[in-house]
Amino acid sequence: MQIAKRVSHIDRLIENKVSFAANNVELSIYDTYESANKVKLTSGEVLFCAMVSGKKVMHVDSCDYHQPFLPHQSFVLAPEQTVHIDFPDASLSSPTTCLAIEISREKIKAVSDKLSLSLCDEVTYQKQLIHAEHNWQTQHCLAKLFHLFSENEHNREYFIDLAMDELIARLLQQQSRDLLLNAVKHTPDRNGLYQAVHYLETHLEQPLDVDKLCKLSCMSRSRFFSQFKKSFATTPQQWLQARRLTEAKAKLKAGAQITAVSFTLGFKHPSQFSRAFKQAFNVTPKNYQLQTLKVDKSD
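Residues numbered from 1 in each chain as written. Predicted model: local features only at pLDDT ≥ 70, side-chain atom pairs only at ≥ 80, totals over all residues. Heavy atoms only, no water.

Caption draft 1: Spotlight on the environment of lysine 278. When you line up the elements, lysine 278 lands in helix H10 (residues 270-281). Residues lysine 278 and tyrosine 288, ten residues apart in the sequence, show an inter-C-alpha distance of 9.5 Å. Those residues in contact with lysine 278 that sit more than four places away from it in its chain are Val283 and Thr284. (Helix = DSSP H or I, 4+ residues; strand = E, 2+ residues; numbered from the N terminus. Contact = heavy atoms within 4.5 Å.)

Caption draft 2: A look at the sheet that holds strand S3 (residues 36-41). With respect to topology, four strands assemble into an open sheet ordered S3-S8-S5-S6, the strand pairing being antiparallel. The open sheet has two free edges, formed respectively by S3 and strand S6 (65-69), since each of these has just one partner strand. Going from strand to strand, the sheet's axes swing by 25 degrees on average, the running direction of each strand aside. With three bridges joining them, strand S5 (residues 56-60) and strand S8 (residues 83-87) adopt antiparallel strand pairing. (Pairing = 2+ DSSP bridges. Axes fitted to C-alpha atoms, helices over the stretch in contact; angles between N-to-C directions.)

Caption draft 3: Molecular detail of the pairing of S6. In terms of strand pairing, S5 meets S6 through five bridges, oriented antiparallel. The residue bridging valine 60 from the neighbouring strand is tyrosine 65, located in S6. A loop of four residues connects S5 with S6, the two strands running antiparallel in sequence, and aspartate 64 in this loop sits at a positive phi of about 50 degrees.

Caption draft 4: Focus on the nonpolar core. By size, the foremost hydrophobic cluster in this structure holds 31 residues, and its most contacted members are Phe48, Ile101, Leu145, Phe149, Ile160, Met164 and Leu167. Among the secondary structure elements, those contributing two or more residues to this core are strand S1 (16-22), strand S2 (25-32), strand S4 (46-53), strand S9 (96-103), helix H2 (105-119), strand S10 (130-133), helix H3 (136-149) and helix H4 (156-186). Sorting elements by how many residues they give to this core places H4 first, with eight residues. Beyond its immediate chain neighbours, meaning those up to four positions away, phenylalanine 149 contacts Phe20, Ala21, Ala22, Val25, Leu27, Arg156 and Ile160. Listed in part, the 30 residues of the second largest apolar core include Val210, Met219, Phe224 and Phe228. (Core = buried A, V, L, I, M, F, W, Y, C linked by side-chain atoms within 4.5 Å. Buried < 20%, exposed > 50% of the residue type's maximum accessible area, 1.4 Å probe, protein only.)

Caption draft 5: Focus on the pattern of salt bridges. All told, the structure shown has twelve salt bridges when counted by the stated rule. Lysine 107 is the partner of aspartate 161 in a salt bridge, and the nearest nitrogen-oxygen pair spans 2.5 Å. Here aspartate 161 is found in helix H4, whereas its partner lysine 107 is found in helix H2, with 54 residues between them in sequence. Relative accessible area serves as the criterion here: at 30%, aspartate 161 is assigned to the partly exposed category. In this structure, the salt-bridge partner of aspartate 165 is lysine 107, at a minimum N-O distance of 2.6 Å. With aspartate 165 in helix H4 and lysine 107 in helix H2, the pair connects residues that are 58 residues apart, well separated along the chain. Both residues of the pair, aspartate 165 and lysine 107, count as buried. Taken together, the salt bridges that share partners define one network made up of Lys107, Asp161 and Asp165. (Salt bridge = Lys/Arg side-chain N within 4 Å of Asp/Glu carboxyl O.)

Caption draft 6: The arrangement of empty space enclosed by the protein in detail. All told, the structure shown has one cavity of 30 Å³ or more when counted by the stated rule. Roughly 50 Å³ of internal volume is contained in the largest cavity. Tyr199, Leu200, His203, Gln206, Pro207, Asp209, Leu213 and Leu240 together form the lining of the largest cavity. Here the lining of the largest cavity is composed, by residue class, of five nonpolar, two polar and one charged. (1 Å grid on protein atoms, 1.4 Å probe; cavity = no way out; pocket = protein on both sides within 12 Å on 5 of 7 lines; lining within 4 Å. Points joined across faces, edges and corners; volume = space filled by probe spheres on them. Nonpolar A, V, L, I, M, F, W, Y, C, P; charged D, E, K, R; others polar.)

None of this, on its own, says anything about what the molecule does.
Laid out in structure tokens, this is it:
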């Protein structure tokens, strides 16, 4: 049965759930049709959530976390971690919709082991909350999974398994990058790579200076690129662009002018900044700012 037809059947107004199962994974679509507060959600496995439409406010008391959850964002709960959810804007005409993928710990460990072997460095899942913006790769992966779960072809399970491997790998890499960046922030002198990353973090507006980074890290050019790729699963230039755009989102959310943000973060022209922002987040800087300001006013 097609997903659209299954979802159109409403059994309950709050967290109406439609599920699709495959090996080691279950995909569910949650629709909420009326406002509600403190709706409990927990899982025995890792739960990857992606907002489709509307707004939730997530409360995780164990880590004192209370933040809005919006489209193009993901929210990952550790096994047995409990979240309480508010639905401030849900209605019959405009439901709040979320995609949730429950992933077995065995599946995550298998991908973690393969990723560690590929990178020659240990990559493990840390049992803690992750709240992140989707990049275009993650968004593409989710769209692929949504399509695969709605199919009934003979090789469906095989292709779902491949797509899940990619999603889990990106989840693990995102968490590893976040943990590494946090370590860089607190101990920038720990090693050469940390010093190079700390320099990038504090000079986002400047063009990439590879010679400077190699000098700070005490590495040759080839070794620096190799170590950077292993740690961040991306090149220094791609990383710098992503960090600039992430910082731009924070500045836009705070009400900064788009032109000022583009020049402050090293973009040569506002049009260049707008193109890069739209490609990364599937929304223009102006529309993103309007959306976030609207959300802030509704809180």
